[in-house]
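# Examining the three-dimensional arrangement
The primary structure of each chain is shown beneath.
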Amino acid sequence: MNRRKVRKNLFYYGGAIGAGLLWGIAMALLSDTVVNPWLPAGMGFAFGAVCLPPAVSLVMRCRPCKPSLFVMVLDTLLYFAFMIPLGMVLMLGINSMTAKNSEMRMTEVVVAKHSETGSRYRTVGRRRVYQGEEHRYYVDLILPGGHTKKIRVATDRYVRTRSGRHSEVGLRRGCFGFDVIDSIPLKKD
């Protein structure tokens, strides 16, 4: 296998892994932000579209020959798979970092409670593996803007929380106008 083909494959694999990591970071930032998820995705797409002409001209200058249509489509898909989450990470990260310290307190309603059971493995000896169960507890909240948030809570909070009860949530306003969830203290019954 020649070096050029190896470099090209590494470029595509590295780009796919980088895009996956960026998507994970974007989803983590989106979980703490009270916003319709399509809005940051659309802004990330716009960021990618604005940066597309310089990227195309740079790639065309670096290539010795004109690529095939398949390679151009693959490059475009990889570009947008990388640039959309990059735009989301930049926008949501700046929004979270510049959120003002003054907290807004709003009341939300506990809609539902549910739990999930998963298996967890751990090694207890040289070749022995123990399988245990792990319980995760979640509470669904409706925030004042109509957004629904699924939040993982501790066992004692899960037991004390009742559906239909009101609680307060601490929100901070970011520079892009998106509210960032600061704290969700569930009231004790």
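In case you missed it, the structure is sitting above this.
So, here is what we can say about the structure in this document. (Residues numbered from 1 in each chain as written. Predicted model: local features only at pLDDT ≥ 70, side-chain atom pairs only at ≥ 80, totals over all residues. Heavy atoms only, no water.)

## A few points about a nonpolar patch on the surface
Residues Val56, Val59, Met60 and Met72 make up a contiguous nonpolar surface patch of about 300 Å² in total accessible area. It is helix 2 (residues 38-62) that contributes the most residues to the nonpolar patch, three residues altogether. One can find methionine 60 in helix 2. (Patch = residues over 30% accessible without salt bridge, like charges linked within 9 Å, V, L, I, M, F, W, Y side chains within 5 Å. Areas by Shrake-Rupley, 256 points an atom, 1.4 Å probe, with all protein chains shown as cover. Salt bridge = Lys/Arg side-chain N within 4 Å of Asp/Glu carboxyl O. Helix = DSSP H or I, 4+ residues; strand = E, 2+ residues; numbered from the N terminus.)

## Examining the pattern of salt bridges
Opposite charge on two side chains allows them to pair when their charged atoms are near. Enumeration according to the criterion identifies three salt bridges in this entry. Among the ionic pairs, lysine 150 bridges to glutamate 116, the shortest N-O distance being 3.5 Å. Taken as a pair, lysine 150 in strand 4 (residues 148-153) and glutamate 116 in strand 2 (residues 104-123) lie far apart in primary sequence, 34 residues in all. On the basis of relative accessible area, lysine 150 is assigned to the partly exposed category, the value being 48%. A salt bridge links glutamate 134 to arginine 136; its shortest N-O distance comes to 3.3 Å. It is possible to trace a salt-bridge network through shared partners that takes in Glu116, Glu134, Arg136 and Lys150. (Buried < 20%, exposed > 50% of the residue type's maximum accessible area, 1.4 Å probe, protein only.)

## Notes on the side chain of aspartate 140
Within the element layout of this structure, aspartate 140 appears in strand 3 (residues 129-142). Here histidine 114 takes part through its side chain, which lies 3.5 Å from a polar atom of the side chain of aspartate 140. Ignoring anything within four residues of it in the chain, the contact list for aspartate 140 reads Val109, Val110, Val111, Ala112, His114, Lys149 and Lys150. (Polar contact = N/O pair within 3.5 Å; in protein donor to acceptor, adjacent residues only side chain to side chain. Contact = heavy atoms within 4.5 Å.)

## Some details on the nonpolar core
Nonpolar side chains tend toward joint burial in soluble globular proteins. By size, the foremost hydrophobic cluster in this structure holds 14 residues, and its most contacted members are Leu30, Met88, Leu92 and Phe178. Breaking this core down by element, the ones donating at least two residues are helix 1 (3-31) and helix 3 (69-97). In this view, phenylalanine 178 contacts Thr33, Val35, Leu39, Met43, Met91, Leu92, Asn95, Arg172 and Arg173; residues no more than four positions away in its chain are not counted. Core analysis: the next-biggest nonpolar cluster, separate from the first, contains six residues, Val110, Tyr137, Leu141 and Tyr158 among them. (Core = buried A, V, L, I, M, F, W, Y, C linked by side-chain atoms within 4.5 Å.)

Note that all results are geometric; they support no functional claim without further evidence.
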